[in-house]
Structure formats: structure tokens, C-alpha cells
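Single-letter residue listing:
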Amino acid sequence: MKKTTAVFIALALCVAVFALYFIISNISDKDGEGANEDVYLYVDQNDISKISSFSFVGGEFDLSFEKNESGAWKYSKNGTLPVNENIIEKMLESTKTVLATKIISEDVSQDELSQYGLDSPSYKLKLSSDHGEKCYLFGDLIKSKGLRYMMREGSHTVYLAEDTLVESFSNDLTDCLSTDTFPIISEEEIVSFETVCGSFSLLQSVSENEKLANALSSLSPERAVDFGKENFSIYGLSESESILVSITLKNSKEIKIKFGLGETEEFIYALVHNDSGVFSEMIYLVTCEDFDGLYSHLAAAAESSAANGENK
């Protein structure tokens, strides 16, 4: 009888210990260390087809894009630059459904925001659409868990969420840009070209400069090297240095290209018109079949312009 009682007592103690273990295992601590990674909470959703502009600011990132009149994306701070639509759509896809792993507080006060780094957010993601404007705030990151505190601006609910939204938008501006389409110039279609640099101007027919016609018809970009008019002077593309070549075709169409000369005869840079018909501020290193001939023509124009300036 005593042995049976002892066995029952031992079994009861084992059950109690196991029960206590499972209870403790399922208690989440205050900082979300015990958040169940397999459980997600709905926070918000967005119809990405309706988003007309967005910005992502924080750390080294300062991105801002909006749709133009035709519905294409453009960089808000420089509408001349070509934008990589696929990258933009991929970034926005991550906002389709916003999820969290845990609610930290449903009634956080302004004074409590500093506990989560939300009084001065590390990142801000703002979306504008037909339905209005939303702004998501991202605070401190729990690196060991890959979880970050977040909330919607104007809300009093703080969530702990995977850092996927921040990661999705953490792209350099160059990653969000594309390249312009270079003009296709058929040598047989060229009627004339005018070269202008400062006060210098020279109009020539194809028969007067067949080498230039050949060079321009085979012109192509090697790569984009930079962007922004603040950098034009580095590549000889400032207003006073650049050489504008206007090419007239048989169909009366005119193609304009701005050239800049590098520090050595190995480099020619160019600006081309974008889809809107204005010069893109994307700077390209270019090449062609008769590179030396093109460089000599451009250099002669630059020298003549400088000489005309001195004579004045």
C-alpha cells in the first residue's frame, strides 16, 4: 500500500513539473523574446495598384518616387532620370499585407514611445494612394530575433514585426534607376548635323563629314557612370563645356546629344533625351566605331569655342 502511494505521488510530481515547464515556455517576456515566429497578426493592407507616391527615409536612405501623368514611376527629386519599374513594384509588393508577430501595447502613450525607439523612428515609410496617406514608423531592432518595433503614425498600437518591410525598401537610389534608350541613328537617314559649343556653331551635311556620320550612327553607351547636373562639370558636361550635336534626319526628325570630353582622349561622355523629350541627367560613357574621329571633331569644337571666347 505504501509503495502504491509513493508511486502515485511521484507521478503527480512529474505531471506538475511538466505542466509548469509548458506554462513557463509559453510565457512571452516584455520585449517579445518569446514571440511565436509561426503566428502572424494582421496590421494593415494596401492596394499597390492605387499607390501614387511613396517615400522611405532613414539611415542612409532617402527615397521618394511618384507616378507621372502617364502612370510611370519617376524619382521625385529628379524627374529626368530613368526608373527601374520592376524594382519599384517589388518594393511596394511588400506592403500589400502588413503583418506583425506580437502586439506590444494597444494604448501606448507619447512618453512610452522612447522605450521602443518610436519617439524618433529609425525609418519612416509613407504611402499615398486614392484612399489617402499612410505612414509606418519603425523603431528599435532586436537583432537576435530579426524583429523590429513598428506602428502606424497616428495610432496608439505598437507591434513587434519581422524586419522585412525595412529590408524591402533598403535600396540605394542607383538600384532604383534604369538606363535611357539610346537613339537609333541610321547613317543613310542623316541629312546634316550641327555642332554647337558656347559661341561656336558649325552646320555640315553628310557629304562634308562622312566620318562623323559614321561615328554618330554607331554611337552606343558602354555604361552609366553617374547622374545629376551637380556632377556635370566632372564629365565636361557643364553648360559652358558641353558640345551639343543636333542631327537632322530625312523624315525631318531631329536627334540631340550632348557630349562631354574626359581628361584624356579615351573618354567621351554623353547625355541623351529621355522618353519625355528632355535631356536625362543620367551620364553615360559612350563608344562608337570611329571613336578617334568623334573625339577629334568634339575637341576641335571645344577649342574653337575657347578661341572665340578669348577673342571677345
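Bear in mind that the values here come from a model prediction, so they are computed numbers and not experimental data.

### Considering the pairing of strand E8 (residues 132-142)
Pairing analysis gives seven bridges linking strand E7 (residues 123-129) to E8, with the strands arranged antiparallel. Looking across to E8, one finds that Leu125 is bridged to Tyr136. Once E7 ends, the chain turns through two residues before running back antiparallel as E8. With five bridges connecting them, E8 and strand E9 (residues 147-152) associate as antiparallel partners. Opposite Ile142, over in E9, you have Leu147 as the bridge partner. Linking E8 to E9, which pair antiparallel, is a turn of four residues; within it Gly146 sits at a positive phi near 65°.

### Re the side chain of His297
Here His297 lies in helix H5 (residues 291-311). For His297, a relative accessible area of 12% puts it in the buried group. One polar contact links His297 to Thr195, side chain to side chain, over a distance of 2.8 Å. Those residues in contact with His297, other than ones at most four positions away along the chain, are Thr195, Leu202, Gln204, Asn209 and Leu212.

### Describing the confidence of the model for the protein
Confidence in the prediction of the protein, expressed as mean pLDDT, is 89, and 87% of residues score 70 or more. Counted against residues more than four places away or in other chains, residues 17-36, with its pLDDT under 50, gives 21 contacts.

### A closer look at the pattern of salt bridges
Applying the stated rule across the entire model yields five salt bridges. Taking the shortest distance from any N to any O, the salt bridge between Lys256 and Glu254 comes out at 4.0 Å. Taking relative accessible area as the criterion, Lys256 reaches 30% and is therefore assigned partly exposed. Each of Asp44, Lys134 and Arg152 takes part in salt bridges that share partners, so that together they form one network.

### Details of the sheet that holds strand E17 (residues 282-287)
Either a parallel or an antiparallel arrangement is found when strands of a sheet pair, and the pairing is made through backbone hydrogen bonds. Spatial strand order, E12-E11-E14-E15-E16-E17-E13: seven strands in an open sheet with antiparallel pairing. Each edge of the open sheet carries a strand with a single partner, namely strand E12 (200-205) and strand E13 (220-227). The sheet shows a mean angle of 30° between the axes of neighbouring strands, taken without regard to direction. Here E13 runs beside E17; their pairing, made up of six bridges, is antiparallel. Counted as the bridge partner of Ala224 is Tyr284 from E17. Running at roughly 90° to strand E11 (residues 190-197), helix H4 (residues 210-217) makes contact with E11, E12, strand E14 (243-249) and strand E15 (254-261) of the sheet.

Conventions adopted
Residues numbered from 1 in each chain as written. Predicted model: local features only at pLDDT ≥ 70, side-chain atom pairs only at ≥ 80, totals over all residues. Heavy atoms only, no water. Pairing = 2+ DSSP bridges. Helix = DSSP H or I, 4+ residues; strand = E, 2+ residues; numbered from the N terminus. Buried < 20%, exposed > 50% of the residue type's maximum accessible area, 1.4 Å probe, protein only. Polar contact = N/O pair within 3.5 Å; in protein donor to acceptor, adjacent residues only side chain to side chain. Contact = heavy atoms within 4.5 Å. pLDDT = per-residue confidence, 0-100. Salt bridge = Lys/Arg side-chain N within 4 Å of Asp/Glu carboxyl O. Axes fitted to C-alpha atoms, helices over the stretch in contact; angles between N-to-C directions.

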